[in-house]
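Each chain, letter by letter, is given below.
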Amino acid sequence: MDSLIIHGGQPLRGQVKISGAKNSALKLMCASLLTAEPLTLHNVPQLADITTMASLLKQHGMEISESGENSFKLRSNNITNFTAPYELVKQMRASIIVLGPLLARFGEAKISLPGGCAIGTRPVDLHLSSLKKMGAEIDIIDGYVVAKAQRLKGAEIYFEKVSVGATENTLMAATLAQGETVLHNAAQEPEISDLVECLIKMGAKIDGIGTNRLTIQGVEKLHGAEHEVVADRIETGSFIAAAAITGSEIELLGARAEHLGAVLHKFEEAGVHVEKTANGLRVKKPREIKAVDITTEPYPGFPTDMQAQFMALMTVASGASTFQETIFENRFMHVPELVRMGAKIKTSGNTAIVTGVPGLRGAEVMATDLRASFSLVIAALAAEGETRISRVYHIDRGYEKIARRLQGLGADITRIKE
Ligand code: EPZ
């Protein structure tokens, strides 16, 4: 397992290109199952999760070829296997997103139940209940979701909880169902809108993009398309926090301010000014970092995927800040690692109180999940001395070539093989 060695205190400078969004690209790859014609995706980030998804889709029979560094051509005109096996699904929960497309196009799917993960139990009950409402027969047999449907029928679906994955599975299933499907209380993340845009290019009939109510008229078949993956708003926020904590001014190429509403507002409140440029966003050098309170919410609220990174910044803010994590039940695993670096944080249930300290000190710390691991990078970039972050495979899941890109911004960071 690799580690990152970071010597803090270096200001960052220059520009970094924001990658395509992992949480869109993974679902767009699944969308290719909905048609026998080729789907070409551009701006696909080179990440471990993308590789895992490609392996899963290839074992279903999908042909995937790379046409350029971040471009993939996907073709599902020879899908022979409708089972997503445990050994692949346990590596990446997003595998469940093949369920809706397989069921809609082929009438059957057998998907290993995704286990929980470090940040929570993460059930899929909302995925299954909505597909049942569309006429699917679904049983759980030996840890697998076994689903069958002659032809899915449109339905009126009310999600009792906002769920990105359940929205995506149901949305894709509805594109080929018979009749109209209306999704109420649908997730509105920009990655959902990116998927809707791509599905419409493939011939799907969908109204309500960007709202919490999506209306889908089922069609007989979808056709191929070409689509560019939307820029990653979470990677953007992660780099803003890294610039802020090191008192740096950097430019984020391709970043989209309109996808970062609540996040930019909270950075402004904290004294971190971000302005639009012709090529993206520029983070201005902050005078002081002020403590602000954070409550995570579904989009357009403050995203849970930015909670750990923002908390790293708040460890050196002037004052105390409160974090309420309302989406996942165990998403404070970065806290004990930040405390090892001298942060003052107390947690109780889904609340964390951060008392700002003048500075952090480098330490040996361990990455525990994707976003927690980046919060350690942010802290290490500002900490005095050397920080060694182990289990870096967590970061590889969601941040493309992170050591090289931070080196490009002037950070003193190296990756070593343990
Ligand atoms: C997606 O996960 C993202 N992953 C997560 O990003 C992100 O944190 C999450 O959305 C929330 O924004 C991908 O897109 C691959 P949910 P997802 O369904 O779809 C509960 C990252 O760091 N729930 O919106 O699994 C669930 O337990 C990852 O990139 C049910 O109860 O999230 C959670 O409390 C981490 N039943 C809440 O809803 C269900 O059937 C939100 O989950 C489904 C979800």
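Being a predicted model, the structure only gives us computed values, none of them experimental. (Residues numbered from 1 in each chain as written. Predicted model: local features only at pLDDT ≥ 70, side-chain atom pairs only at ≥ 80, totals over all residues. Heavy atoms only, no water.)

Okay, the environment of P286 next. The topology assignment puts P286 in the loop between strand 17 (280-283) and strand 18 (294-295). Judged by its relative accessible area of 12%, P286 falls in the buried class. Spatially, the C-alpha atoms of P286 and V274 are 9.7 Å apart, while their sequence positions differ by 12 residues. When neighbours within four sequence positions are excluded, P286 is seen to be in contact with A244, G247, S248, G271 and V272. (Helix = DSSP H or I, 4+ residues; strand = E, 2+ residues; numbered from the N terminus. Buried < 20%, exposed > 50% of the residue type's maximum accessible area, 1.4 Å probe, protein only. Contact = heavy atoms within 4.5 Å.)

Moving on: the state of the cysteines. Overall, the coordinates contain 0 disulfides when judged by the stated rule. With no disulfide of its own, C30 lies 12 Å from the sulfur of C198, the closest cysteine sulfur. (Disulfide = S-S within 2.5 Å.)

So, about the sheet that holds strand 19 (residues 320-324). Taken together, 4 strands build an open sheet; the order of strands is 18-19-21-20 and the sheet is mixed. The sheet is open, and its two borders are formed by strand 18 and strand 20 (344-348), each paired with just one other strand. Seen against the sheet, helix 10 (residues 307-314) touches strand 18, strand 19, strand 20 and strand 21 (351-355) and runs at an angle of roughly 170° to strand 19. (Pairing = 2+ DSSP bridges. Axes fitted to C-alpha atoms, helices over the stretch in contact; angles between N-to-C directions.)

Turning our attention to the site of the ligand. Around the ligand lies a shell of 24 residues, among which K27, L126, S163, D305 and I327 are the nearest. Note that an oxygen atom of the ligand is positioned 3.0 Å from one of the side-chain N or O atoms of K22. I327 has a polar backbone atom sitting 2.5 Å from an oxygen atom of the ligand. Relative to its free-state accessible area of 830 Å², the ligand is covered by the protein chains to the extent of 88%. At the level of secondary structure, the elements contributing two or more residues to the shell around the ligand comprise helix 1 (22-31), helix 5 (125-133), helix 6 (164-174) and helix 12 (370-382). Residue composition of the shell around the ligand, grouped by class: 10 nonpolar, 5 polar and 9 charged. (Near = heavy atom within 4 Å. Polar contact = N/O pair within 3.5 Å; in protein donor to acceptor, adjacent residues only side chain to side chain. Areas by Shrake-Rupley, 256 points an atom, 1.4 Å probe, with all protein chains shown as cover. Nonpolar A, V, L, I, M, F, W, Y, C, P; charged D, E, K, R; others polar.)

It is worth spelling out the packing of helix 1 against helix 6 at this point. Packing of helix 1 against helix 6 brings their axes to within 11 Å, and their N-to-C directions diverge by 25°. By the angle between their directions, the pair helix 1 and helix 6 is classed as roughly parallel. For the element pair helix 1 and helix 6, the recorded crossing hand is right-handed. Between helix 1, through N23, K27, C30 and A31, and helix 6, the contact on the second element is made entirely by V164, E168 and M172. In terms of residue class, the contact of helix 1 with helix 6 is made up of 4 nonpolar, 1 polar and 2 charged. (Parallel < 35°, antiparallel > 145°, perpendicular 65-115°, else oblique. Left-handed = near helix turned anticlockwise from the far one by under 90°.)

Bringing the packing of aromatic side chains into the picture now. In this structure the tally under the stated criterion is 5 aromatic pairs. Between the aromatic rings of F374 and Y399, the centroid separation amounts to 4.2 Å while the plane-to-plane angle is 25°, which identifies the pairing as stacked. Taken together, the residues F374 in helix 12 and Y399 in the loop between helix 13 (393-396) and helix 14 (402-408) connect sequence positions 25 residues apart. There is no split in this pair, since F374 and Y399 are both buried. Connected via pairs of aromatic rings, a cluster forms that spans F239, F374 and Y399. (Phe/Tyr/Trp six-rings, centres within 6.5 Å; stacked < 30°, edge-to-face > 60°.)

Attention now moves to the sheet that holds strand 22 (residues 364-366). Spatially, 22-23-1-24 is the arrangement adopted by the 4 strands of the open sheet, whose pairing is mixed. A strand with exactly one partner marks an edge of an open sheet, and here the two such strands are strand 22 and strand 24 (412-417). On average, adjacent strands in this sheet sit at an angle of 25° to one another, irrespective of strand direction. Sheet topology places strand 1 (residues 2-7) next to strand 23 (residues 386-390); 4 bridges connect them, and they run antiparallel. Bridge pairing in strand 23 links I6 to T387. Set on the sheet, helix 12 makes contact with strand 1, strand 22 and strand 23; between it and strand 1 the angle comes to about 30°.

Attention now goes to helix 7 (residues 190-201). Here helix 7 spans 17 Å end to end across 12 residues, near enough to the 16 Å set by a 1.5 Å rise per residue. Every buried residue belonging to helix 7 is among P190, E191, I192, S193, D194, L195, V196, C198 and L199, and all of these are buried. (Expected span 1.5 Å × (residues − 1).)

This paragraph deals with the environment of I353. In this structure, I353 sits in strand 21. Between the C-alpha atoms of I353 and E364, which are 11 residues apart in sequence, the distance is 23 Å. In this structure, I353 is in contact with S321, T322, K344, I345 and K346, ignoring residues within four places of it in sequence.

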